[in-house]
Amino acid sequence: MAQVIVVTSGKGGVGKTTTSASFATGLALEGHSTVVIDFDVGLRNLDLIMGCERRVVYDFVNVINGEANLNQALIRDKRVEMLSILPASQTRDKAALTEEGVERVIRELSERFDYVVCDSPAGIEQGAVMAMRFADEALIVTNPEVSSVRDSDRMLGMLGSKTVRAEKGMEPVKEHLVITRYNPNRADTGDMLNMDDICELLSIPLLAVIPESESVLNASNLGTPVVMDESSKAGQAYRDSVKRYLGETLPHRFLEVRKSSFIGRLFGR
């Protein structure tokens, strides 16, 4: 059976879908059959980041409603052999995600893949609850700002109370922290929370620190998960996160404060 991993945060715009796409792609690049599900019914952005928006015919809600089967709805990635995408619907609302339907789809996917990655929508409503409902593990994505960390803390509370594991008294959902858009220089000057403060506030194991990088936006616009850009620091950090998740011991990179030269300081750079 597959490991079911939810990527969540509570707050919108922190990089959940970017993380879902890159983490799922990274697992597939490491040789693990992986499917990533878009739970953001009504908006549907995962297919854009994965570069498969024109190939969407049937979606997650069609499968739940019995209007299509998984073979019809799953999109196999053209670049990464072991990767598939189950897109969300743009024409339904999140109430279409019934617990029975989501459980059935995840159970069937779990028999076919090593990893099922669930890309959660923002907020704490039906879509987010359904995305985490059957999770074995969770990536908590947060930006280095107080409001983002506070919302992530709230999601930790939901993981501890609204999942099947919590209700049945099973081993808790295993939590991993992913800090995105981190700039060590700004953290050093107090313009954003530093890594140690975030880890102390949330008190969960740190999996990855993804540096602030224009390559993330560029990759999204190109429909390519940034993890595939080996020249990008953000892409390298996501690759590290996958290897760390799979058991390798790797140091966290891109955390050094960059000192400017005398000329740079003189001209404010």
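That block above? That's the structure.
These numbers were taken from a predicted model, which means no experiment stands behind them. (Residues numbered from 1 in each chain as written. Predicted model: local features only at pLDDT ≥ 70, side-chain atom pairs only at ≥ 80, totals over all residues. Heavy atoms only, no water.)

Novice: Quick question: what am I supposed to make of the packing of helix α7 (residues 146-159) against helix α10 (residues 195-202) here?
Specialist: Helix packing for two helices is described by the angle between their axes and how far apart those axes are. At a closest axis distance of 10 Å, the pairing of α7 and α10 adopts a crossing angle of 30°. Put simply, α7 runs roughly parallel to α10. Here α7 and α10 pass one another in a crossing that is right-handed. Only Ile198, Leu201 and Leu202 of α10 make contact with α7, whose side of the interface consists of Val149, Ser152, Asp153 and Leu156. The residue inventory of the contact of α7 with α10, partitioned by class, reads 5 nonpolar, 1 polar and 1 charged. (Axes fitted to C-alpha atoms, helices over the stretch in contact; angles between N-to-C directions. Helix = DSSP H or I, 4+ residues; strand = E, 2+ residues; numbered from the N terminus. Parallel < 35°, antiparallel > 145°, perpendicular 65-115°, else oblique. Left-handed = near helix turned anticlockwise from the far one by under 90°. Contact = heavy atoms within 4.5 Å. Nonpolar A, V, L, I, M, F, W, Y, C, P; charged D, E, K, R; others polar.)

Novice: Would you mind showing me how to read the side chain of Arg165 here?
Specialist: Position of Arg165 relative to the elements: it lies in helix α8 (residues 164-167). Within the local environment of Arg165, its side chain forms a polar contact with the side chain of Asp136, the two groups lying 3.0 Å apart. In this structure, Arg165 is in contact with Ala135, Asp136, Met170, Glu171, Pro172 and Val173, ignoring residues within four places of it in sequence. (Polar contact = N/O pair within 3.5 Å; in protein donor to acceptor, adjacent residues only side chain to side chain.)

Novice: Looking at this model, I keep getting lost on the side chain of Ser20. Mind explaining?
Specialist: Within the secondary structure, Ser20 is located in helix α1 (residues 16-29). Judged by its relative accessible area of 0%, Ser20 is buried. With near-sequence residues (within four places) excluded, Ser20 lies in contact with Val7, Val36, Val117 and Asp119. (Buried < 20%, exposed > 50% of the residue type's maximum accessible area, 1.4 Å probe, protein only.)

Novice: Just checking my understanding: could you explain the nonpolar core for this structure?
Specialist: Within soluble globular proteins, side chains that are nonpolar tend to cluster in buried spots. Residues Ile37, Phe39, Phe60, Leu86, Val102 and Leu109 are the most contacted members of the largest nonpolar core, which totals 51 residues. The contact partners of Ile37, leaving out residues within four places of it in the chain, are Leu46, Phe60, Leu86, Ile106, Leu109, Val116, Val117, Cys118 and Asp119. Counting residues in hydrophobic clusters, the runner-up holds 36 residues, among them Ile210, Val227, Val242 and Phe254. (Core = buried A, V, L, I, M, F, W, Y, C linked by side-chain atoms within 4.5 Å.)

Novice: How do you make sense of the packing of α1 against helix α12 (residues 233-245) when you look at a structure like this?
Specialist: As a packed pair, α1 and α12 sit with axes 9 Å apart at the nearest point and diverge in direction by 60°. Considering their axes alone, α1 and α12 lie oblique with respect to each other. Seen along the crossing, α1 lies across α12 with a hand that is right-handed. Side by side, α1 and α12 meet where Thr18, Thr19, Ser22, Phe23, Gly26, Leu27 and Leu29 of the first sit next to Tyr238, Arg239, Ser241, Val242 and Tyr245 of the second. Here the contact of α1 with α12 is composed, by residue class, of 6 nonpolar, 5 polar and 1 charged.

Novice: Is there a simple way to explain the pattern of salt bridges in this structure?
Specialist: It is possible for side chains of opposite charge to pair when their charged atoms get near one another. Across all of its chains, the model carries 13 salt bridges by this definition. One salt bridge connects Glu230 with Arg239, and the closest N-O pair in it is separated by 3.6 Å. Residue Glu230 is classed as exposed on the basis of its relative accessible area, which comes to 58%. In the salt-bridge network here, residues are joined through shared partners; they are Glu99, Arg133 and Glu167. (Salt bridge = Lys/Arg side-chain N within 4 Å of Asp/Glu carboxyl O.)

Novice: Sorry if this is basic, but what is going on with the sheet that holds strand β4 (residues 83-86) here?
Specialist: In any sheet, the strands associate via hydrogen bonds between backbone groups, in a parallel or an antiparallel arrangement. Strand order in the open sheet formed by 8 strands is β3-β4-β2-β5-β1-β6-β7-β8, and the pairing between neighbours is mixed. Edge positions in the open sheet fall to β3 (75-76) and β8 (206-211), since each of these has one partner strand only. Bridge count for strand β6 (residues 137-142) against strand β7 (residues 174-182) is 6 bridges, and the pairing is parallel. Bridge pairing in β7 places Thr142 opposite Ile179. Together, β6, β7 and β8 form the strand contacts of α10, whose direction differs from that of β7 by roughly 150°. (Pairing = 2+ DSSP bridges.)

Novice: Is there a simple way to explain unusual backbone geometry in this structure?
Specialist: Excluding glycine, most residues fall at negative phi; most peptide bonds, likewise, are trans. Positive phi outside glycine occurs at Arg44, with the angle close to 60°. With relative accessibility at 13%, the residue Arg44 sits in the buried group. Unlike most non-glycine residues, Arg181 shows phi in positive territory, near 55°. Along the chain, Arg181 falls in strand β7. With relative accessibility at 42%, the residue Arg181 sits in the partly exposed group.

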